[in-house]
Amino acid sequence: MRAQWNEPKPSLTVLTSMAEPKKTKKNRLLVVGMPLVALLFVFSLIQLQFDYSRIAAGFMKLMGIVQVMFPPDFTAWRHVLLAAIESLQVAILGTVLGILIAFFLSFLAASNLTPHPFIAWIIQSAASLLRAIPTVVWALIFIVSVGLGSLPGVLAITVSAAGMLIKVFAQSLEEVDKGVLEAMQATGASWLAIVMQGILPTVKTAFIAWCVLRFEGDLGESTILGAVGAGGIGYELTHAMKSYNFAGALFVGLVIFIMVFSVELVANRYKMNLKVRKH
């Protein structure tokens, strides 16, 4: 009996190596897809018939414009800063409204919380439609309906933000452990109690991270929307370029860069703090 107990046991590494499945062959999709992408790239390059002499001439012209841009023209700094504040306001209003809409609709769009699968399908399809249309196109649509100014910019960002956030919020809700929901349902908790006590504490960090990420993108889009008449600093940039005031355009570009970079810096610090608190 002692001899049997003293026999060496098989190592864990041997057992794990024996249990590992054999490595599969190369992914067929990758093998077929890469040559197909390369073929489409070459076909598009030939089909579009780029005039490389124009590209070279345009590059040289661009170098001349860059030289004219320096030094930046600060004479219209008040108008530029006011326009930058307007773009920031448009981004804040549009993002917050989009968050509110997406927050309520995402609970109906999530497959594990929706009252009926058909309701979830309708909301998810509507969100896909909102995402499929670019924000600039939404701005043009709202400019036709409500006129020029900051309002169409706010509405365009609201629609785009809602379309994207409904999807990611619903996905975060669907990733909640089913055991938590079943345990709370077994105790007789209502749907509202399950959401407030079991789901929101779980997805709160993910929701906040998505909201911050969306605001970063909306701030950049708000600067572009001004170019199509939706107000903000984009109008100042377009006006400077059309007037061949390249030095003024450089100043506007610097203000846009500082504004977007500052928001991204603060957002990254905030997201890092969320990760630290989570761990």
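Structure first, text after, so check above.
Residues numbered from 1 in each chain as written. Predicted model: local features only at pLDDT ≥ 70, side-chain atom pairs only at ≥ 80, totals over all residues. Heavy atoms only, no water.

This part is about the overall build of the protein. Per the secondary structure count, the protein includes 12 helices and zero strands. For the protein, with 279 residues in total, the buried portion stands at 31%. Across the protein, the fraction of contacts at a sequence separation of at least 24, relative to all contacts at a separation of at least 6, is 75%. (Helix = DSSP H or I, 4+ residues; strand = E, 2+ residues; numbered from the N terminus. Buried < 20%, exposed > 50% of the residue type's maximum accessible area, 1.4 Å probe, protein only. Contact = heavy atoms within 4.5 Å.)

Further remarks concern the packing of helix α7 (residues 135-146) against helix α8 (residues 150-174). It is the contact of α7 with α8, at a shortest axis distance of 8 Å, that shows an interaxial angle of 135 degrees. Between α7 and α8, the angle falls in the class oblique. The handedness of the crossing between α7 and α8 is right-handed. Between α7, through Thr-135, Trp-138, Ala-139, Phe-142, Ile-143 and Val-146, and α8, the contact on the second element is made entirely by Leu-151, Pro-152, Leu-155, Ala-156, Ile-157, Val-159 and Ser-160. Classifying every residue of the contact of α7 with α8 by side-chain character gives 11 nonpolar, two polar and no charged. (Axes fitted to C-alpha atoms, helices over the stretch in contact; angles between N-to-C directions. Parallel < 35°, antiparallel > 145°, perpendicular 65-115°, else oblique. Left-handed = near helix turned anticlockwise from the far one by under 90°. Nonpolar A, V, L, I, M, F, W, Y, C, P; charged D, E, K, R; others polar.)

Glancing now at the environment of Ile-166. Position of Ile-166 relative to the elements: it lies in helix α8. Judged by relative accessible area, which is 5%, Ile-166 ranks as buried. If near-sequence neighbours (up to four positions away) are discounted, Ile-166 is found in contact with Ala-102, Leu-105, Ser-106, Ala-109, Ile-123 and Ala-127.

Attention now moves to the nonpolar core. Among the nonpolar cores identified, the biggest contains 24 residues, and Phe-107, Phe-169, Leu-173, Ile-199 and Val-203 are the most heavily contacted of them. Breaking this core down by element, the ones donating at least two residues are α5 (77-109), α6 (117-132), α8, α9 (178-186) and α10 (191-225). Excluding residues that lie within four positions of it along the chain, Phe-107 makes contacts with Leu-113, Thr-114, Leu-173, Trp-191, Val-195, Ile-199 and Leu-200. Grouped together as the second largest cluster of nonpolar side chains are 13 residues, Ala-83, Phe-251, Val-255 and Val-260 included. (Core = buried A, V, L, I, M, F, W, Y, C linked by side-chain atoms within 4.5 Å.)

Turning to helix α11 (residues 233-242), a few remarks are in order. When α11 is considered as a whole, its buried residues turn out to be Ile-233, Gly-234, Glu-236 and Ala-240. Buried positions in α11, seen along its axis, are confined to an arc of 160 degrees and lie on one side of it. One or two steps after α11, the chain reaches Tyr-244, where phi turns positive at roughly 60 degrees. (Arc of directions from axis to C-beta.)

So, about a nonpolar patch on the surface. Residues Phe-41, Val-42, Leu-45, Ile-46, Leu-48, Phe-50, Tyr-52 and Ile-55 make up a contiguous nonpolar surface patch of about 840 Å² in total accessible area. Broken down by element, the residue count for the nonpolar patch peaks at four residues, all from helix α3 (residues 28-47). You can see Leu-48 is positioned in the loop between α3 and α4 (52-69). We classify Leu-48 as exposed; its relative accessible area is 55%. (Patch = residues over 30% accessible without salt bridge, like charges linked within 9 Å, V, L, I, M, F, W, Y side chains within 5 Å. Areas by Shrake-Rupley, 256 points an atom, 1.4 Å probe, with all protein chains shown as cover. Salt bridge = Lys/Arg side-chain N within 4 Å of Asp/Glu carboxyl O.)

A pair can form between side chains of opposite charge whenever their charged atoms are brought close. Under the counting rule described, the total for this entry stands at two salt bridges. Asp-218 is the salt-bridge partner of Arg-214, the closest N and O atoms lying 2.9 Å from each other. Here the residue Arg-214 and the residue Asp-218 both occupy positions in helix α10, the gap between them amounting to four residues, near one helical turn. Asp-218 carries the same exposure label as Arg-214, and that label is buried. Note that Arg-214 is salt-bridged to Glu-221, the shortest N-O span being 3.7 Å. According to the relative accessible area criterion, Glu-221 is partly exposed, its value standing at 25%. By sharing partners, the salt bridges in this structure join Arg-214, Asp-218 and Glu-221 into a single network.

Relative to the assigned elements, Thr-135 resides in helix α7. Within the structure, Thr-135 has its side chain in polar contact with the side chain of Glu-221 (distance 3.0 Å). (Polar contact = N/O pair within 3.5 Å; in protein donor to acceptor, adjacent residues only side chain to side chain.)

This brings us to unusual backbone geometry. Pro-71 follows Phe-70 through a cis peptide bond whose omega is -5 degrees. Examined against the element boundaries, Pro-71 turns out to sit in the loop between α4 and α5. The phi dihedral of Tyr-244 is positive, around 60 degrees, even though this residue is not glycine. By the secondary structure assignment, Tyr-244 is in the loop between α11 and α12 (246-278).

By themselves these figures say nothing about function.
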